[in-house]
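Here is what each chain is made of, one letter per residue.
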Amino acid sequence: MAIVKFKDFSWTYQGYKKPTLRNINLSVKEGEFLGVIGRVGSGRSTFCMTMLGLIPHFFPGRIKGELVVDGLSVEESSIAELSTRVGLIFQSPDTQLTGAGTTVEEELAFGLENLGVPQKEMNKRVKKMVKLIGLESFRNRSPFELSGGQQQKVAIASVLIMQPRILVLDEPTAQLDPLGTSQVFDLIKKLAKKGITIILNTQKINYLAEFADRVAILNKNKLVKVDKARKILTDVKLLRRNGIIPSVYTQLSEQLIKEGLYKGSLCLTLGDAKKMIKKVVKK
Amino acid sequence: MTPIIKASKVTFTYPAKVTALRDINLELNEDEVTAIIGQNGSGKTTLVKHFNGLLKPTKGEVLVEGKDTRDLTTAQLSKIVGYVFQDPDDQLFMSKVYEEVAFGPKNLGFKGKELKSSVKNALKMVGLWESRKKHPLDMNLNDKKLVTMASIIAMKPDVIILDEPTNGQDHQGIVKVESLINKLRKEHTVIIISHNMELVSKVADRVVMMYDSRVIFEGSPKKAFTKKKLLNKTYLKPPLITQLGQGVKGMPSDVLTINELVKELQKVSK
Ligand SMILES: Nc1ncnc2c1ncn2[C@@H]1O[C@H](COP(=O)(O)OP(=O)(O)OP(=O)(O)O)[C@@H](O)[C@H]1O
Ligand SMILES: [Mg+2]
């Protein structure tokens, strides 16, 4: 069943003539992991904000068509209502952190407190999240006295702790080191296995290739194509036409095919590339 | 050659009692591109904020062009060292791109023709001259970051520090940043902080690796990416292509690019 459904959906920010999202039609099934790719400025961040109702309730503008999230019409529901079902992780932690708490732990508890989660349950969840995302060494510090990457981790934790049924992530690991990035992606993968619906906007095609069920391409404010992850991510013509560079593994296989060193299909993941190299070396 | 920046025994503790730098000794040479790498929270941003005087050492000293940063005013220092913030929203505040870029040089006393030409030159360099009338906060992240870079370039400092210049950018953005660094290196000493090892391997002459508030390695990117033990300890990883090469028997462990790897594979398969 579709848990998110865009129907002829368009959005124009106030003061702008052209829509930032244009005639989007898309159904996301419950429990699905959807990757979203496209150039900066293609409308991806706006797309992410629609599902929590920041559009149209926080940013003024004009909607056409319809967006239904978990049975709620986004236009007719409040952000508060939507936020019990949808968690949105922003690209910039500054946007996310409320500053309501004087410590990292309080920042994490803030949302739960608002929902009226009992103290005991709250403490338990905070503790668990601190451990999962690796915040131990600064859990009692102010969220504003942290490094950029540490802040991003806190922002991610503050959304995950709400246990949303639908998780929308807008470039969540831009500032994270390799360890932090894989911790976060592992966690997302676990949540996906539990049946949480994931919509992930990222430039890191390598990760999408491993996890996503389907991938959608946005370009110039339109949804260009949605299909199985591997199909989209190895369609180098389609990617390049939309300003997206294929994964390094794909590029390597293209090059090896061109040089006549390898005959086979294009690689996508590290696993593919390792197999390919074995073949090339054995020859 | 005398170093343009020299840190001696620098220790720094934030008011919140967090010690973010311990006994840092580092010399940066003029006209080199240095990349500082390390885990989140290892002290990279704290260190470079010492180079432009945003922070002053708790112990030890930082010399910029031979002068102790404690003896220089922020204005004097910003003529020499420009710092582009990790998060562009921390830096942008004017309502027009042009004004944003003109703000710094104006403050330094640039006037008339000199002001105009430095702003124009900086905006052309980042490819945003056509967007000069836009509102910076209305721009996409790629372009916002480029505006913050232009506003530092316009001040014509000798040293330009870029804190995570490719943070959140798409491929076109990354390509732009790379070519910008290659332009900047002709006239400036450039320092970048980055988690993007592909970028580091392409542009850096020298890599400084940080771990837990200390500098634990200095050397060329090729050397840095073959230091398996250090990389493991800091949870850093070489570029993906280097990792692939390191998995093949008999192949050099410092293959950095797709082309290098293809060449090596040609040798092996013959
Ligand atoms: N204003 C502050 N007050 C107290 N501690 C701080 C402050 N800013 C940073 N820190 C701490 O100092 C240490 C170094 O932080 P720094 O910002 O230099 O890290 P970084 O290497 O730039 O990390 P990142 O890759 O996440 O940006 C971290 O432990 C961090 O928590
Ligand atoms: Mg930093």
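From a predicted model like this one, the values you see are computed outputs, not experimental measurements. (Residues numbered from 1 in each chain as written. Chains lettered and ligands numbered in written order. Predicted model: local features only at pLDDT ≥ 70, side-chain atom pairs only at ≥ 80, totals over all residues. Heavy atoms only, no water.)

(A) Local environment of the overall build of chain A. The helix and strand inventory of chain A stands at 13 helices and 10 strands. Residues counted as buried form 56% of the 283 residues belonging to chain A. In chain A, the share of contacts with a sequence separation of at least 24, taken over all contacts with a separation of at least 6, comes to 63%. A total of about 13000 Å² of accessible surface is found on chain A, and carbon and sulfur atoms cover 51% of it. Positive and negative charge centroids in chain A, built from 44 and 27 side chains respectively, lie 9 Å apart. (Helix = DSSP H or I, 4+ residues; strand = E, 2+ residues; numbered from the N terminus. Buried < 20%, exposed > 50% of the residue type's maximum accessible area, 1.4 Å probe, protein only. Contact = heavy atoms within 4.5 Å. Areas by Shrake-Rupley, 256 points an atom, 1.4 Å probe, with all protein chains shown as cover. Lys, Arg positive; Asp, Glu negative; His and termini not counted. Charge placed at Lys NZ, Arg CZ, Asp CG, Glu CD.)

(B) Up close: the domain arrangement of chain B. All names here are of chain B. Along its sequence, chain B is organised into domain 1 (5-237) and domain 2 (239-270). Just the C-alpha atoms count here: the centres of domain 1 and domain 2 sit 32 Å apart. At the interface, 8 residues of domain 1 touch 9 residues of domain 2. In this assembly, domain 1 packs against domain 2 so that about 810 Å² is buried in total across both faces, 59% of it on carbon and sulfur atoms. At the boundary of domain 1 and domain 2, one finds 1 salt bridge. Here Lys222 makes a salt bridge to Glu260, at a shortest N to O gap of 3.1 Å. Inspection of the domain 1/domain 2 interface yields 4 residue pairs in polar contact (both at pLDDT 80 or more). The biggest single contributor to the side of domain 1 that touches domain 2 is helix α7 (residues 197-203), with 3 residues. (Domains from an automatic or database assignment. Buried area = accessible area lost by both parts, 1.4 Å probe. Salt bridge = Lys/Arg side-chain N within 4 Å of Asp/Glu carboxyl O. Polar contact = N/O pair within 3.5 Å; in protein donor to acceptor, adjacent residues only side chain to side chain.)

(C) Highlighting the coordination of the magnesium ion (ligand 2). Taken together, the protein donors to the magnesium ion (ligand 2) comprise Thr45 of chain B (OG1) and Gln86 of chain B (OE1), at separations of 2.0 to 2.5 Å. With Thr45 of chain B in helix α1 (residues 44-51) and Gln86 of chain B in the loop between β6 (81-84) and α3 (97-107), this residue pair connects regions lying 41 residues apart in the sequence. (Donors = N, O, S within 2.8 Å, 3.2 Å for Na, K, Ca; no water.)

(D) Structural context of the sheet that holds strand β6 (residues 86-89) of chain A. Residues and elements named next belong to chain A. Strands sit in the order β6-β7-β8-β3-β9-β10 across an open sheet of 6 strands; the sheet is mixed. With partners counted over all chains shown, the strands left at the sheet margins are β6 and β10 (222-228), one partner each. The mean angle between the axes of side-by-side strands here comes to 15 degrees, regardless of whether they run parallel or antiparallel. Packing against the sheet, helix α8 (residues 178-193) makes contact with β3 (33-37), β7 (166-170) and β8 (197-201), and its axis sits at approximately 150 degrees to β8. (Pairing = 2+ DSSP bridges. Axes fitted to C-alpha atoms, helices over the stretch in contact; angles between N-to-C directions.)

(E) The arrangement of empty space enclosed by the protein in detail. Under the criterion given, the structure shown has 2 cavities of 30 Å³ or more. A volume near 50 Å³ is recorded for the largest cavity. Along its surface, the largest cavity is lined by Ile37, Gly38, Arg39, Thr202, Gln203, Ile205, Gly243 and Ile244 of chain A together with Asp170 and His171 of chain B. Considering only residue class, the lining of the largest cavity consists of 3 nonpolar, 5 polar and 2 charged. Of the volumes computed, that of the second largest cavity is approximately 40 Å³. Around the second largest cavity, the lining residues are Phe9, Ile63, Gly65, Glu66, Leu67, Ser73, Val74 and Glu75 of chain A. (1 Å grid on protein atoms, 1.4 Å probe; cavity = no way out; pocket = protein on both sides within 12 Å on 5 of 7 lines; lining within 4 Å. Points joined across faces, edges and corners; volume = space filled by probe spheres on them. Nonpolar A, V, L, I, M, F, W, Y, C, P; charged D, E, K, R; others polar.)

(F) A look at the site of ligand 1. Around ligand 1 sit 22 residues in total, of which Arg141, Ser147 and Gln150 of chain A together with Thr45 and Thr46 of chain B are the nearest. Flanking ligand 1 are residues from chains A and B. Between ligand 1 and the protein, one listed contact pairs an oxygen atom with a backbone N or O atom of Ser42 of chain B at 3.3 Å. Measuring from an oxygen atom of ligand 1, one finds a backbone N or O atom of Gly43 of chain B at 3.0 Å. Protein chains shield 91% of the accessible area of ligand 1, which is 640 Å² for the free molecule. When residues of the shell around ligand 1 are traced back to their parent elements, those giving at least two are α7 (148-160) of chain A together with α1 of chain B. Its residues assigned to classes, the shell around ligand 1 comprises 5 nonpolar, 13 polar and 4 charged. (Near = heavy atom within 4 Å.)

(G) A look at α7 of chain A. Its 13 residues give α7 of chain A an end-to-end C-alpha distance of 19 Å, which sits within 8% of 18 Å, the value for a rise of 1.5 Å per residue. Most of α7 of chain A is tucked away: 13 of the 13 residues are buried. (Expected span 1.5 Å × (residues − 1).)

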